[in-house]
Amino acid sequence: MTLRFGKYKGQQLENTPKSYQAWLLKQDWFKAPKQEKPLHQKLNGWDGHSTKGQAIYDAVFEQEKNESNTIHCGCGRMKEPKEEFCGWGCIAEIN
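So, how was this worked out
Residues numbered from 1 in each chain as written. Predicted model: local features only at pLDDT ≥ 70, side-chain atom pairs only at ≥ 80, totals over all residues. Heavy atoms only, no water. Helix = DSSP H or I, 4+ residues; strand = E, 2+ residues; numbered from the N terminus. Buried < 20%, exposed > 50% of the residue type's maximum accessible area, 1.4 Å probe, protein only. Polar contact = N/O pair within 3.5 Å; in protein donor to acceptor, adjacent residues only side chain to side chain. Contact = heavy atoms within 4.5 Å. Core = buried A, V, L, I, M, F, W, Y, C linked by side-chain atoms within 4.5 Å. Phe/Tyr/Trp six-rings, centres within 6.5 Å; stacked < 30°, edge-to-face > 60°.

### Considering the side chain of Thr16
Here is step 1: Checked against the element boundaries, Thr16 lands in the segment before helix H1 (18–26).
Here is step 2: Thr16 gets classed as buried once you look at its relative accessible area, which sits at 4%.
Here is step 3: In terms of polar contacts, Thr16 uses its side chain to reach the backbone carbonyl oxygen of Leu13, at 2.7 Å.
Here is step 4: For Thr16, the contacting residues outside a window of four places in its chain are Leu3, Tyr8, Gln11 and Gln21.

Dropping the structure here:
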């Protein structure tokens, strides 16, 4: 990380004296930004009614759907990628 301030401006943090690195890392203003909670943890305490909770719930659903190895049949049911149809005797097989 290149420093953009102070006595060692323009230098890599790793190349500054150890004492300076230790001091800098103790400063509140230098702390790394907090990692955002995973979406499913943001739903803790959701009452099932708020629009913010619903938006998070929808985002979790879409994320899981995108990570899934399954895809959807023409009828809307899930099927394995190697299968042509879902196997439920759906209308998509007849057409």
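Additional details are given in the paragraphs that follow.
### As for the nonpolar core
Nonpolar side chains tend to gather and get buried jointly when the protein is soluble and globular.
Here is step 1: Counting 6 residues, the largest nonpolar core is built from Leu3, Tyr8, Leu13, Tyr20, Leu24 and Phe30.
Here is step 2: When neighbours within four sequence positions are excluded, Tyr20 is seen to be in contact with Leu3, Phe5 and Tyr8.

### Quick word on the environment of Gly87
Here is step 1: You can see Gly87 is positioned in the loop between strand E2 (78–79) and helix H4 (91–94).
Here is step 2: A residue is classified by how much of its surface remains accessible, and Gly87, at 62% relative accessible area, is exposed.
Here is step 3: Spatially, the C-alpha atom of Gly87 lies 9.4 Å from that of Arg77, the residues being 10 residues apart in sequence.

### What about the packing of aromatic side chains?
Here is step 1: The final tally for this structure, using the stated rule, is 5 aromatic pairs.
Here is step 2: Between the aromatic rings of Tyr8 and Tyr20, the centroid separation amounts to 4.7 Å while the plane-to-plane angle is 55°, which identifies the pairing as tilted. You can see Tyr8 sitting in the segment before H1 and its partner Tyr20 sitting in helix H1, a full 12 residues away along the chain.
Here is step 3: Accessibility expressed as a relative area gives 16% for Tyr8, which makes it buried.

### Let's talk about the side chain of Gln21
Here is step 1: With respect to the helices, strands and loops of the structure, Gln21 is situated in helix H1.
Here is step 2: The exposure class of Gln21 is buried, given its relative accessible area of 14%.
Here is step 3: A distance of 3.0 Å separates the side chain of Gln21 from the backbone oxygen of Leu13, its partner in a polar contact.
Here is step 4: Once you skip the residues sitting within four places of it in the chain, Gln21 turns out to touch Leu13, Glu14, Asn15 and Thr16.

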